[in-house]
Every structure is written in structure tokens, then in C-alpha cells.
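Per-entry structural report
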Amino acid sequence: MSLLFIVIVVVLVALIFDFTNGFHDSANSMAGPIATGALRARTAVVIAAVLNVVGACLSTEVAKTISGGFFDEQLVNPQMVLAGLVGAIVWNLLTWLFGIPSSSSHALFGGLIGAVVVGAGLASVHGWVIVSKVLLPAIVAPVVAGLAAALSTKIAYRITRRTPSGQTNTGFKYAQAFTGSLVALAHGTSDGQKTMGVITLVLISAGFQSAGTGPHLWVILAAGLAIGLGTYSGGWRIMRTLGKGIVDIDTPQGATSGAATTATILASAHLGFGLSTTHVATGAILGSGVGRAGAEVRWGLARKLVVAWLLTLPGAAIFGGLAALLGGSGAVGSAVLLAALVAVCVVIWLVSRRHQVTSSNVTDSREVMVLASATPSTYAEDPRLVPVRTKTKNKKKIKSGV
């Protein structure tokens, strides 16, 4: 009964992680269409949520890689997986709070690695599988997506340079909505499978499923639904960073970056790579800025994001290792770890309420505020803070729009 309780807790926490994955990565597909007005904010996340669920049911190659490739299944137990999930969730929530589009995939891998190393030793981790399936794609995929987006953006602007801007914008808005939808579908085929793989790993380690088998149908459906609900919730803080912070996106850029992102993710998912869709989407957006003449690419922010990417795997591993030490073993340790996770989630949520980002103000600014107070200089492009001229009987006065 104690083992069954732990497995149930792990499955529930895995689905919570899947939910955080959904809202953390919803910007990957819909930040561009929302920023350019190709789709309304709520319409965009509804489309993305549905397509994430569909995508999660299309393939299980990545799930099989995680459940049977990263670790020695004989040495992994459900408590380790629980600790790894807690570490990944904490990292996801912290980066979401600061509006950093870090990789949910690498947070998951890092959390699991840290917990398994603490619980079973370094020998239990298959290092070459992690290098070949996670680290190398993390380096190559964003570069490939960025180059593809840069080239296709140059071609798009060259082809349409004699076309009236009104017709161009209308056509590319439809294209952007389409490619954004494809990214959401591809995200489901990639990230939706990672939680399936974790749950399958737990069932195998607990003896409820045979080694070497793929995820059950109920696991596929549950993981798809969880990531879909998370996507629907929006993840607006990260949506602002990707949609407004890195580069000001025009509709041709949005369409080409979405196409490049989709192609890269689908190819990687087919090969079973544990790819970061966030890295790919961000690389494609940067590439679209490079490909558009005169676009302002904010390389300072891009460098900060790269640093966050480099810190994600070791940072989540530290959280996962600490969770493994805190949780220990047995049902009591699992309950303590679950209570600690709830407390951390509540604190982060309360802090986020200080400066909320919602569907109604997601495109108002480039900045995601956490503790500092907002000022007109901070939100220089916020239409609510632009001075408005008002006439009186004898003179004009300038007053704040707030």
C-alpha cells in the first residue's frame, strides 16, 4: 500500500509538471501571433491547447527514450522520480516568475538527474544517452532553426517587396496563425511525451509495468490533457518576453519563424531526441530578426536567455538533489516533499501577483516586473502611459494616460 501511495503521488506530481510545461511553453507557439495581432490572445491559447493534446497522442518515441534510456531502471525508484519532478517544477515556476523562456525539458532532465544521482549514484545515469539525445540537440537545434528562419525571412521579404503592405500583412497573418498552430501540434508531440516517459518509468520501477514497454493509453491521454490545460492558462509572463522582448515581430517574421520551429521540432521528435522546444522557438525568433533588414534584435536580452539555458540543467539538478535529500524514502517522506512543493508554489504565486501579466496587458510592454515598481520609463511603450494632450479654455495641458 505504501508503494502504491507513492506511485499515485508521483503520477499526480508528474501531471502537475506537465501542466507547468504547458503554460511555460505556450509562448513558443503563440507569442508571435499574439504580438502581431494575427490571433486574439484567448483564441490563440485555445487553439494551442487543443493541438497540444492532439500532438501528444501522435507519437511515443521521446517517451520511450526517457522511460528506457536515461537511467538504469533497476536502480531508480518512485521516490527519486518524485524528487526529480519537484526540482523541475520549482525551476519552471521560478523562471516563469521572471519571464524567462527556459527549457521545461531540460528542467525535467536536470531534476531527474540530480535526484537519481543522490539516490542511486552517478553510475545509474547513462551519460552518453543524455549527451546524444539532450545536450547535442540543445546546441544544434536552435542554430538550425535560427538559420532556417533567417533565410526564409529574407526570401519572404524579397518576394513580397512589390506587394502592397496591406495585402502582405493580411496574407502573412493567416500564414502566421497556421504556422503557430503547427508549432503547438509539434510541441505536443515532443513535450507531451516527456511526462508520459516519466510516468512509464515510475510504473516500470515500481513493478506495475514490464521493462521496455511504451506508455499505456491512459498515460497518453492524461499527459495530453494536462499539457493542454496548462497551455490554455496562457503563461503570459513568458509570452511577453518572446513576443515583445527579443525582437519586434512583423507578420512575415512570425510566419517564417513558426515554420522553421515546426520543422525542427517534428524532425527531432521523430528521431526520439529530448529536444527543448523553447530553445528552438527562441532561436527561430532571433533568426527572423536577423533576416529582416532594419529589425532591432536585443542581443543583451538574448545573452541573458542563453545564460539561463546553460543554468537550467544544473540548476534543476540541484533542486532535484535537494528534494531527494528532503524526501528521503517511504510514504512519509513523499508526503513531506509534496507539502514542501505546495508551499513553494503558493509563495511564487503570491509574488507573481505583485505585477501581474495577463491576456489583456501581455503586449503592453517588453518588461516582466517581479519586485520593482513600474515607472513610465520602465514601460516606455505602454499605451496607458503615453502623455495625452487635452484642451482647456485658454491652454493645453499634458496629463498622464494612467
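Everything quoted here is computed from the prediction, not taken from an experiment. Here the residue index of a chain counts from 1 through its sequence in written order. This being a predicted model, a pLDDT of at least 70 is required before a residue's local features are given, and a value of 80 or more before pairs of side-chain atoms are given or counted; all residues contribute to the totals for chains, interfaces and linings. Side-chain metrics in this entry use all non-hydrogen atoms of the structure; hydrogen atoms and water are not considered.

1. Structural notes on the overall build of the protein
What the protein contains, in helices and strands, is 13 helices and 2 strands. Out of the 402 residues belonging to the protein, those deemed buried represent 55%. By definition in these notes, contact holds between two residues if any of their heavy atoms fall within 4.5 Å. A separation threshold of at least 6 residues defines the contact pool for the protein, and within that pool the share at least 24 residues apart is 81%. Accessible area for the protein stands at about 17,100 Å²; split by element, carbon and sulfur atoms hold 67% of it. In DSSP terms, a helix is any run of H or I states spanning at least four residues, a strand is any run of E spanning at least two, and both are numbered starting from the N terminus. The classification of residues rests on relative accessible area computed with a 1.4 Å probe and restricted to protein chains. Under 20% of the type maximum is buried, over 50% is exposed, and intermediate values are partly exposed. In this description, accessible areas are obtained by the Shrake-Rupley approach with a 1.4 Å probe, and a residue is regarded as covered only by the protein chains that are shown.

2. As for helix α5 (residues 104–120)
Look at α5: 24 Å from first C-alpha to last across 17 residues, which is about the 24 Å you get at 1.5 Å a residue. Where burial is concerned, most of α5 is hidden: 13 out of the 17 residues are buried. Just past α5, the residue G121 takes up positive phi, approximately 95°. By definition here, a helix of n residues has an expected span of 1.5 Å times n minus one.

3. Considering the side chain of T153
Here T153 lies in helix α6 (residues 127–159). With a relative accessible area of 0%, T153 lands in the buried category.

4. Observations regarding the packing of helix α12 (residues 299–327) against helix α13 (residues 330–352)
Where helices are involved, their axes are fitted lines through C-alpha atoms of the stretch in contact, as for all axes, and angles between N-to-C directions lie from 0 to 180°. One way to put it is that α12 packs onto α13 with a least axis distance of 8 Å and a crossing angle of 130°. It follows from the interaxial angle that α12 and α13 lie oblique. Residues A323, L326 and G327 of α12 pack against G333, S334, V336, L337 and A340 of α13. Here the residues of the contact of α12 with α13 are counted per class, giving 5 nonpolar, 3 polar and no charged. Any angle that is under 35 degrees is reported as roughly parallel, and any over 145 degrees as roughly antiparallel; angles of 65 to 115 degrees are reported as roughly perpendicular and all others as oblique. Residues were grouped as follows: Ala, Val, Leu, Ile, Met, Phe, Trp, Tyr, Cys and Pro as nonpolar; Asp, Glu, Lys and Arg as charged; and all remaining residues, including Gly, as polar.

5. Structural notes on the nonpolar core
Definition used in this section: a nonpolar core is a set of buried Ala, Val, Leu, Ile, Met, Phe, Trp, Tyr and Cys residues joined via side-chain atoms within 4.5 Å. Among the nonpolar cores identified, the biggest contains 81 residues, and I34, F71, V81, L85, W236 and M239 are the most heavily contacted of them. When residues no more than four places from it in sequence are discounted, the contact partners of L85 are V10, V13, A14, F17, L108 and V198. Core analysis: the second largest hydrophobic core is formed by 8 residues, A145, A186, I265 and V280 among them.

6. Concerning the side chain of D18
Within the secondary structure, D18 sits in helix α1 (residues 2–36). Residue class for D18 comes out buried when judged on its relative accessible area of 0%. Counted as a polar contact is a pair of N or O atoms within 3.5 Å, where, for protein atoms, one must be capable of donating a hydrogen and the other of accepting one, and residues adjacent in sequence contribute only when both atoms are in side chains. Within the local environment of D18, its side chain forms a polar contact with the side chain of T195, the two groups lying 3.0 Å apart. For D18, the residues in contact, after removing those within four places along its chain, are D191, T195, A223, G224, A226 and I227.

7. Some details on a positive patch on the surface
Exposure above 30% relative accessible area and the lack of any salt bridge qualify a residue for a patch; like charges then connect within 9 Å, and the nonpolar side chains Val, Leu, Ile, Met, Phe, Trp and Tyr within 5 Å. By definition here, a salt bridge exists when the distance from a side-chain nitrogen of Lys or Arg to a carboxyl oxygen of Asp or Glu is within 4 Å. For the purpose of counting charges, residues Lys and Arg are taken to be positive, whereas Asp and Glu are taken to be negative. His and the chain ends are not included. By convention, charge coordinates are those of NZ in Lys, CZ in Arg, CG in Asp, or CD in Glu. On the surface, K154, R158, R161 and R162 cluster together into a positively charged patch. With respect to the secondary-structure elements, K154 resides in helix α6. K154 sits in the partly exposed class, given a relative accessible area of 48%.

8. Describing the environment of S210
Turning to its location among the elements, S210 is positioned in the loop between α7 (165–205) and α8 (217–233). With 10 residues separating them in the primary sequence, S210 and T200 have C-alpha atoms 9.6 Å apart.

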